[in-house]
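# A look at the structure
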Amino acid sequence: MAADQQSRNFTTADFRLQSGVVLPEVTIAYRTLGTLSPARDNAVLITHGNTSGPQMIDPGGSTGEGSWNALVGPGKAVDTNRYFAICPNMLGSSYGSTNAMSLNPETGKRYGPDFPDITVRDIVATQRLLLDSLGIEKMVAIVGPSYGGFQAFQWAVDYPDAMKGIAPVVTSPRVPRERSEGNVARLMSTLSQNPNWNGGDYYDVGGVLESMIEIRGATLKTYGIETRLRDTLSDPDEIEKAIREEATKWAEGFDANSLLILAKALRSFDVTGELGRIKAKVLYILSRTDKLFPPELEGQVMPALKAAGVDADYFLLDSDYGHSASGRDWQKWAPRLRAFMDGL
């Protein structure tokens, strides 16, 4: 771990969710790179994707979006010689923040399937409290891929004065309801077929590892992993074996309930009606081969941003790596991100 990189936890009490449910205690795990300036005005929030966490900014951090270590660090596009980078683990996720595996202080037992439904707005609200605890009122920028891009858009409409710019990458300001509902249904279908599922309370009966490996393998294929593996492998069996190895490594560290919590949170995600609230400059980035957020989205999102009076710019990442392009082909868009950061 780099000398200036630190892993920390922030804890707050009685956090009220959008639903009205109050979580008696919420902990948000986060990592930082760089040094916070005396004026506390050089912070950059790095928001991670659905199945990754703060390790996204680690050297060689293994995430579906590829490691962002080449983008965030000393002398890099998000230059931690200048900026204080903060990468918080989402509420409900699996890398240190309060989630279904956490003990409910009121019962002394794991939340399990009783963990309350949350929204992207809730996730962002916990990050606002984290920044408040560090004395950070306004950030330079928020930068993140995929689910991290959802968070960047949500931040910009919920706290318009809190940042100078946002760079949402391989993402969109909304997830169609049918897409999010379909995703939740598919996850439930796969997980509930596992003999250990037990209604989501599988912690003491052996877990659902094999189902998680299956889900991850399919996800990695959607992300474009086969293109990446064909750079070094040609035998189809070897490629399948490598996909399973990568899927297994992830599945051993990620909780199935976290996958459901974050999937359900997207059922209400749509900030397209609030784009006029955005005061930050926007750099919107898509990948030419991304199946999840295809480049055609530019034709919807950019006119909507312009119509709302947002100062928005667009960059197409010309990559064969699909949804993983932001990390895998970092060098193709790092200069554009650096220029954006310099312009803030």
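As shown above, the structure is provided for reference.
A short tour of the structure in this document, coming up.

What counts, and where the lines are drawn
Residues numbered from 1 in each chain as written. Predicted model: local features only at pLDDT ≥ 70, side-chain atom pairs only at ≥ 80, totals over all residues. Heavy atoms only, no water. Helix = DSSP H or I, 4+ residues; strand = E, 2+ residues; numbered from the N terminus. Expected span 1.5 Å × (residues − 1). Buried < 20%, exposed > 50% of the residue type's maximum accessible area, 1.4 Å probe, protein only. Contact = heavy atoms within 4.5 Å.

## Brief notes about helix H1 (residues 120–133)
Given a rise of 1.5 Å per residue, 14 residues ought to cover 20 Å, and the 20 Å separating the end C-alpha atoms of H1 matches this to within 8%. Taken as a whole, H1 has its buried residues at Val120, Asp122, Ile123, Val124, Ala125, Thr126, Gln127, Arg128, Leu130 and Leu131. Two residues or fewer past H1, Gly135 is found with a positive phi of approximately 75°.

## Digging into unusual backbone geometry
Leave glycine aside and you will find that most residues have negative phi; peptide bonds, for their part, are mostly trans. In this model, Asp14 sits at a positive phi of 50°, which is unusual for a non-glycine residue. By secondary structure assignment, the location of Asp14 is in strand S1 (residues 6–16). Classification of Asp14 as exposed rests on a relative accessible area of 56%. Phi is positive for Val170, which is not a glycine, with a value near 40°. Within the secondary structure, Val170 sits in the loop between strand S8 (163–169) and helix H3 (177–192). Residue classification places Val170 among the buried residues on the basis of a relative accessible area of 0%.

## Quick notes on H3
With 16 residues, H3 ought to run about 22 Å at 1.5 Å a step, and its terminal C-alpha atoms sit 22 Å apart, in line with that. If you check which residues of H3 are buried, you get Ser180, Gly182, Val184, Leu187, Thr190 and Leu191. Its buried side turned inward, H3 meets helix H4 (209–223) and helix H7 (256–265).

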